[in-house]
Protein chains: 2
Amino acid sequence: MKKEYHKKDFPVAQIRKFLEPGPIVLVSSHYKGKDNIMTMGWHTVMEFSPSLIGCMITGSNHSFHMIKESGECVINIPTFDMIDTVIGIGNTRGSEIDKFKEFKLTAAQSIEVKAPLIKECFANFECKVVDDQLLSKYNFFVMEIVKAHVATSPKYPKTIHYRGEGKFMISGRTLDYSSQFKPEML
Amino acid sequence: MKKEYHKKDFPVAQIRKFLEPGPIVLVSSHYKGKDNIMTMGWHTVMEFSPSLIGCMITGSNHSFHMIKESGECVINIPTFDMIDTVIGIGNTRGSEIDKFKEFKLTAAQSIEVKAPLIKECFANFECKVVDDQLLSKYNFFVMEIVKAHVATSPKYPKTIHYRGEGKFMISGRTLDYSSQFKPEML
């Protein structure tokens, strides 16, 4: 059975908590009346405020063109219970199938963008493309997260981290070492 | 006691195996006769071949200027047994102390760059800055990994993934789902 999360608005300047550890994410997009989803592992936080994310999306992906043309997407964080869905999405083409339908996912309405949220994911970050200087050379988008929705529980879900060759690392324990930090470094 | 790794050359086009899961890394640099080390969590793989990495380094870091001026660095992957060292490096300034000496780390010679390898780390990736288009606006470097050295064992070490606020996620199990992938997606 799929999880039902209760989500709340989350401060966009604090999303590093979820993205910096490096999970694979599902990117949903919307263009010319159609929705699509892709998996993405090549992303990094770039700034707290504005809340910037950089990501590389292969040009042969159907989603690449949808995001480039619409200038928008949603970054959704799936959890370990969704691993079959994550693999399925990565192994199919949005030009051939409706991924929301195929994988029985729920497209929920975003607030700031037209791309849909994936309801079954733990967190959803609505994004707008803000810089395309590195797009032609590296397929690299700089995006601003303009709205974040995060499940209130669990605090740290089991996320999926890709190693290539069909292998995934599953997130382990979270440990608090804040007492060893200088206050100004926290 | 610190670990002693036996390392081998590793194909630079395959380093995503270690960096895509999102570990915090130690970046070593060399400029004007001095070495330095910083911690870095904001990085992403950008291409297999050439082997490209993108990373954001705060301008107030002493290492930022050393890497910008020398055009080189080494990305080193520390393991969980080094967490006190990782925190210590992140909480001190290279302009004030010699981090190799302070944290009893061994600076080993690189092959392709002048920046030293950190011997105690599981993997070392020698890097050259290849694109600085996003440097002035975002402090974002595009680097090419020109040489990689990786420990022959263990296959998947316990890596450290930063969540901010002094909290770290420690890498969990690696699971093989390659049988669920289409061959061309592997």
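Here the structure is shown first, and the text comes after it.
In this report, the structure presented in the accompanying data block is examined. Treat the numbers as computed from the prediction; the structure is a model and nothing was measured.

### Overview of the pattern of salt bridges
Next up, step 1: Considering all chains together, one arrives at eight salt bridges over all chains under this definition.
Next up, step 2: The partner of B:Asp131 in a salt bridge is A:Lys137, with the nearest N and O atoms 3.7 Å apart. Taken together, the residues B:Asp131 in strand S9 (residues 123–131) and A:Lys137 in helix H5 (residues 135–138) connect one chain to another.
Next up, step 3: Assessed through its relative accessible area of 6%, B:Asp131 is described here as buried.
Next up, step 4: According to the relative accessible area criterion, A:Lys137 is exposed, its value standing at 57%.

### Looking at the interface of chain A and chain B
Next up, step 1: In this assembly, 52 residues from chain A lie in contact with 52 residues from chain B.
Next up, step 2: For the pair chain A and chain B, the summed buried surface comes to about 5,600 Å²; carbon and sulfur atoms form 56% of the total.
Next up, step 3: On the chain A side of the interface with chain B, the three residues burying the most area are A:Trp42, A:Asn91 and A:Arg163, jointly 15% of the side's total.
Next up, step 4: Inspection of the region where chain A meets chain B yields two salt bridges.
Next up, step 5: Inspection of the chain A/chain B interface yields 26 residue pairs in polar contact (both at pLDDT 80 or more).
Next up, step 6: Listing elements by their share of the side of chain A that touches chain B, those giving two or more residues are helix H1 (16–19), strand S4 (43–47), strand S5 (52–56), helix H3 (83–90), H5, strand S10 (140–151), strand S11 (160–164) and strand S12 (167–176) of chain A.

### A word on the nonpolar core
It is characteristic of soluble globular proteins that their nonpolar side chains tend to be buried jointly.
Next up, step 1: With 74 residues, the main nonpolar core has A:Leu19, A:Phe125, A:Phe140, B:Leu19, B:Phe125 and B:Phe140 as its most contacted residues.
Next up, step 2: For B:Phe140, the contacting residues outside a window of four places in its chain are A:Thr44, A:Met46, A:Leu134, A:Phe140, B:Met46, B:Gly54, B:Cys55, B:Met56, B:Asp131, B:Leu134 and B:Leu135.
Next up, step 3: By size, the runner-up hydrophobic cluster in this structure holds 20 residues, among which are A:Phe181, B:Leu26, B:Ile37 and B:Cys121.

### A word on the packing of aromatic side chains
Next up, step 1: Scanning all chains against the criterion turns up 19 aromatic pairs over all chains.
Next up, step 2: With a centroid separation of 5.9 Å and an interplanar angle of 80°, the aromatic rings of A:Phe168 and B:Tyr177 are classed as edge-to-face. One end of the pair, A:Phe168, is in strand S12; the other, B:Tyr177, is in the segment after strand S12 (167–176), on a second chain. Both residues of the pair, A:Phe168 and B:Tyr177, count as buried.
Next up, step 3: When the centroid spacing of 6.0 Å and the interplanar angle of 5° are considered together, the rings of A:Phe181 and B:Tyr162 count as stacked. Of this pair, A:Phe181 sits in the segment after S12 while B:Tyr162 sits in strand S11 (residues 160–164), placing the two residues on different chains.

### What about helix H2 (residues 62–70) of chain A?
All names here are of chain A.
Next up, step 1: Those residues of H2 that sit buried are Ser63, Phe64, Met66 and Ile67.
Next up, step 2: Close packing links the buried residues of H2 with strand S2 (25–31), strand S3 (34–40), strand S6 (72–77), strand S9 (123–131), H5 and S10.
Next up, step 3: Just downstream of H2 lies Gly71, where phi reads positive at about 70°.

### Focus: the pairing of strand S5 (residues 52–56) of chain B
Residues and elements named next belong to chain B.
Next up, step 1: With five of its five residues buried, S5 lies for the most part within the structure.
Next up, step 2: Both faces of S5 are covered, namely the face carrying Leu52, Gly54 and Met56 and the face carrying Ile53 and Cys55.
Next up, step 3: Counting the residues in the hairpin turn of strand S4 (residues 43–47) and S5 gives four residues.

### With respect to the state of the cysteines
Note on terminology: a disulfide is the covalent bond linking the sulfur atoms of two cysteines.
Residue and element names in this part refer to chain A.
Next up, step 1: Evaluation of the coordinates by the stated rule reveals zero disulfides over all chains.
Next up, step 2: With no disulfide partner, Cys55 has as its closest neighbouring cysteine sulfur the one in Cys73, 6.2 Å distant.
Next up, step 3: On the accessibility criterion, Cys55 (1% relative accessible area) is buried.

### Some words on the relation of the copies chain A and chain B
Look at the two chain copies: a rotation about an axis and a shift along it is all it takes to match them.
Next up, step 1: Under the fitted operation, chain A is carried onto chain B by 0.0 Å of movement along the axis and a turn of 180°, and the coordinates agree to an RMSD of 0.0 Å. As the rotation angle and translation indicate, the two copies are arranged about a two-fold axis.
Next up, step 2: A symmetric contact is evident, with 100% of the interface residues of chain A recurring at the interface of chain B.

Reading the values: the criteria
Residues numbered from 1 in each chain as written. Chains lettered and ligands numbered in written order. Predicted model: local features only at pLDDT ≥ 70, side-chain atom pairs only at ≥ 80, totals over all residues. Heavy atoms only, no water. Salt bridge = Lys/Arg side-chain N within 4 Å of Asp/Glu carboxyl O. Helix = DSSP H or I, 4+ residues; strand = E, 2+ residues; numbered from the N terminus. Buried < 20%, exposed > 50% of the residue type's maximum accessible area, 1.4 Å probe, protein only. Contact = heavy atoms within 4.5 Å. Buried area = accessible area lost by both parts, 1.4 Å probe. Polar contact = N/O pair within 3.5 Å; in protein donor to acceptor, adjacent residues only side chain to side chain. Core = buried A, V, L, I, M, F, W, Y, C linked by side-chain atoms within 4.5 Å. Phe/Tyr/Trp six-rings, centres within 6.5 Å; stacked < 30°, edge-to-face > 60°. Pairing = 2+ DSSP bridges. Disulfide = S-S within 2.5 Å. Least-squares fit on C-alpha atoms with pLDDT ≥ 70 in both.

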